[in-house]
Amino acid sequence: MPDRSAVGCPGDGSGKGGRPVLEINNLEVVYNRAVLVLRGVSLTVPDGEVIALLGANGAGKTTLLRALTGLLDIHDGEVTKGRATFEGEDLFGEEPDAIIRKGIAQVMERRRILADLTVEENLLAGAYTRRDPEVRDDLEAQYARFPVLGDRRRSVAGYLSGGEQQMLAVARALMSRPRLLLLDEPTLGLAPMLVDEVARVIQELNQQGISVLLVEQNAATALAISSYGYVMETGKIVHDGPSEKLMEDEDVREFYLGLGGEGRRNYREVKHYRRRKRWLS
Amino acid sequence: MQTFLQLLFAGLALGAIYALVALGFVVIYRSSQVFNFAHGEFLMFGTFLMTTFLAVGLWWWVALVLAMLATGLLGVGVERAILRPMIGRPVFVTIIMTIFIGLVLRVAVITFWGVGERGMPTPWRTDGGIRLLDAPMLFNALWALVFAGVMLVGFYLLFQRSKLGVAMRATATDQEVALGLGIPVGRVFAVSWLIAGILAALAGIFLGMFPRSVNINMSFVALAAFPAVLIGGLESPLGAVIAGLSLGVLQLLTQGYVNPMLGSFGQNFHQVLPFVLMIGFLVVRPYGLFGTREVERV
Ligand SMILES: Nc1ncnc2c1ncn2[C@@H]1O[C@H](COP(=O)(O)OP(=O)(O)OP(=O)(O)O)[C@@H](O)[C@H]1O
Ligand SMILES: [Mg+2]
């Protein structure tokens, strides 16, 4: 896909176009010393922007986030090649808590709230790496941002609704005062209204200066709030470009937005297309 | 009425000891999903260590604290050196490892201290006591309750109210999330084993005073606390404590009232009772009284 990847680089988009906070270069990840899941991924998140990472199931999006947050180990995964830097500092080889202290927080796939702890305890767990006395103030700040959480601060988190749990997961990540937020499919399984709510929260956070790497399968939402997007397929970036360009791109429209040019999808063509692209890449 | 109260007090004291042992199981299981079959041997180790500390002339209270800490640290060491590398292996591997650790400890205790019975000196008169509601309560039982009470309240505050407690519960709920939030999961394991060791030593020392002496069979008390663990629910500290206390009381009341009715057949009925109850519970409520199936709504 030579001409498509040439549409630009992140930072050319509508965003503030700052220096990169996160830079990933040629990343390779292997699981169980056998399965090569990321095959040379490069990606940049410029300061103060929302960057979307799209891709079908199994593309390797979650794996990329695990590599960045030091969580490959427990999945028996390993970075075999490549480099990632956050504000110029190397990330690979660091422990998860050290990475959080640098200023990266993540919201894991499927929310993963601590179901039998209270809402407040979930938030406190998110502030575990902090020693400063302002944790209490930040709790109140989260309750102000998400009033539902404030109302239910003493209730067991497992009984919150799906949307409330997603808000809790985001609030918990914010408790470490990140400058870069990694979100793994935050709209998964949410009703359309809640999807919009999550999108609004992400934009708000971004306006407050937090850079965001947004992993999504919901391409329409992700591209609407991001300045630049990457499309990943079986461990490789196969497309990238400013979000509005990606939104107009025929292939992206067809395969990730479900809005094919001729309206209807033809499965045979899909397969043909995939084959062709693999051969090209 | 007097007999009843007397049995009740003794039962509560015995139950408090069960509660300490059961809580140790639960704390370890919750944090690291290891069912520690060597727990009884930790208890025995702490108790024998106490007798030695006393024999060399340490002040009783100092000896107590040292014995508890030493047992706790032994737990930390065993977890770090032997069980940590087993993470991710099938459950039966860790079970076999803990059984093996128990055996090694048992051999070590026998080699070091021999198989003979020992007494456990106390700083209070063993035949003395107080009168409560017009019934006698031995000092041994009183102090067992006081100590266990202090430890249990301390544990509750640590577990429910402290930052470390949040970390422990977070780790128990979802290890990957805990790691992802920057919680030092390894340190949580270590703290759990430390706590379990401390509780085990304390339980053993009080068991050594009454109703048993210090000998190499005392590790089987852990077996007796087993039903408390399972009835309370393997994941519930509160359940372990309540079930432990209830079992102690039930056991002594059975010994006092039911055994005599059963004649020679019933001599040891009170000892099997907890297991009978346990089996009943496992059939009716497999997740125990306080265990939860899983609080989750997706
Ligand atoms: N622990 C693991 N061991 C081995 N293979 C794994 C492991 N975790 C993920 N994989 C494999 O790596 C590939 C990428 O998985 P990953 O979870 O990163 O994809 P994803 O893009 O996040 O997918 P989804 O959209 O479904 O969340 C998949 O083929 C998956 O089967
Ligand atoms: Mg994923």
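No experiment lies behind these values; they were computed from the predicted model shown.

Parameters and conventions
Residues numbered from 1 in each chain as written. Chains lettered and ligands numbered in written order. Predicted model: local features only at pLDDT ≥ 70, side-chain atom pairs only at ≥ 80, totals over all residues. Heavy atoms only, no water. Contact = heavy atoms within 4.5 Å. Buried area = accessible area lost by both parts, 1.4 Å probe. Salt bridge = Lys/Arg side-chain N within 4 Å of Asp/Glu carboxyl O. Polar contact = N/O pair within 3.5 Å; in protein donor to acceptor, adjacent residues only side chain to side chain. Pairing = 2+ DSSP bridges. Helix = DSSP H or I, 4+ residues; strand = E, 2+ residues; numbered from the N terminus. Axes fitted to C-alpha atoms, helices over the stretch in contact; angles between N-to-C directions. pLDDT = per-residue confidence, 0-100. Patch = residues over 30% accessible without salt bridge, like charges linked within 9 Å, V, L, I, M, F, W, Y side chains within 5 Å. Areas by Shrake-Rupley, 256 points an atom, 1.4 Å probe, with all protein chains shown as cover. Lys, Arg positive; Asp, Glu negative; His and termini not counted. Charge placed at Lys NZ, Arg CZ, Asp CG, Glu CD. Buried < 20%, exposed > 50% of the residue type's maximum accessible area, 1.4 Å probe, protein only. Near = heavy atom within 4 Å. Nonpolar A, V, L, I, M, F, W, Y, C, P; charged D, E, K, R; others polar.

## Structural notes on the interface of chain B and chain A
Taken together, the contact between chain B and chain A spans 20 residues of the former and 29 residues of the latter. Summing the contributions of chain B and of chain A, the shared interface buries around 2,300 Å²; its carbon and sulfur component is 61%. At the surface where chain B touches chain A, the tally comes to three salt bridges. Residue aspartate 174 of chain B pairs with arginine 112 of chain A through a salt bridge whose shortest N-O separation is 2.8 Å. At the junction of chain B and chain A, the tally comes to seven residue pairs in polar contact (both at pLDDT 80 or more).

## Details of the sheet that holds strand E7 (residues 180-184) of chain A
All names here are of chain A. The strand order E6-E7-E8-E3-E9-E10 describes an open sheet built from six strands, whose pairing is mixed. Each having just a single partner strand, strand E6 (104-107) and strand E10 (236-242) make up the two edges of the open sheet. Recorded for the sheet is a direction-independent mean angle of 15° between the axes of neighbouring strands. Pairing analysis gives five bridges linking E7 to strand E8 (residues 211-216), with the strands arranged parallel. Note on E8: the bridge partner recorded for leucine 182 is leucine 213. Lying on the sheet, helix H6 (residues 162-174) is in contact with E6 and E7; it crosses E6 at an angle near 170°.

## Brief notes about the confidence of the model for chain A
With 85% of its residues at a pLDDT of 70 or more, chain A shows a mean pLDDT of 88. Confidence over residues 1-8 of chain A falls short of pLDDT 50; this stretch has 15 contacts with residues more than four positions distant or in other chains.

## Some details on a negative patch on the surface
All names here are of chain A. A surface patch of like charges, here negative, comprises Asp73, Asp76, Glu78 and Glu95. Within the fold, aspartate 73 resides in the loop between helix H1 (61-69) and strand E4 (77-86). Owing to a relative accessible area of 66%, aspartate 73 belongs among the exposed residues under this scheme.

## Points about the site of ligand 1
Residue and element names in this part refer to chain A. Asn57, Lys61, Thr62, Thr63 and Glu109 are the nearest of the 16 residues found near ligand 1. Contact distances for ligand 1 include 3.4 Å between a nitrogen atom and a side-chain N or O atom of arginine 66. Its free accessible area being 640 Å², ligand 1 has 69% of it covered by the protein chains. It is H1 that provides the largest number of residues to the shell around ligand 1, a total of four residues. Across the shell around ligand 1, the residue classes break down as four nonpolar, eight polar and four charged.

## Structural notes on the environment of tryptophan 113 of chain B
All names here are of chain B. Residue placement: tryptophan 113 occurs in helix H4 (residues 91-113). The exposure class of tryptophan 113 is buried, given its relative accessible area of 13%. For the pair tryptophan 113 and tyrosine 29, spaced 84 residues apart in the sequence, the C-alpha separation amounts to 30 Å. Sequence-distant contacts of tryptophan 113, defined by excluding residues within four places in its chain, comprise Phe45, Phe48, Leu49, Thr51, Thr52 and Arg118. A polar side-chain atom of tryptophan 113 sits 2.5 Å from a polar atom in the side chain of threonine 52.

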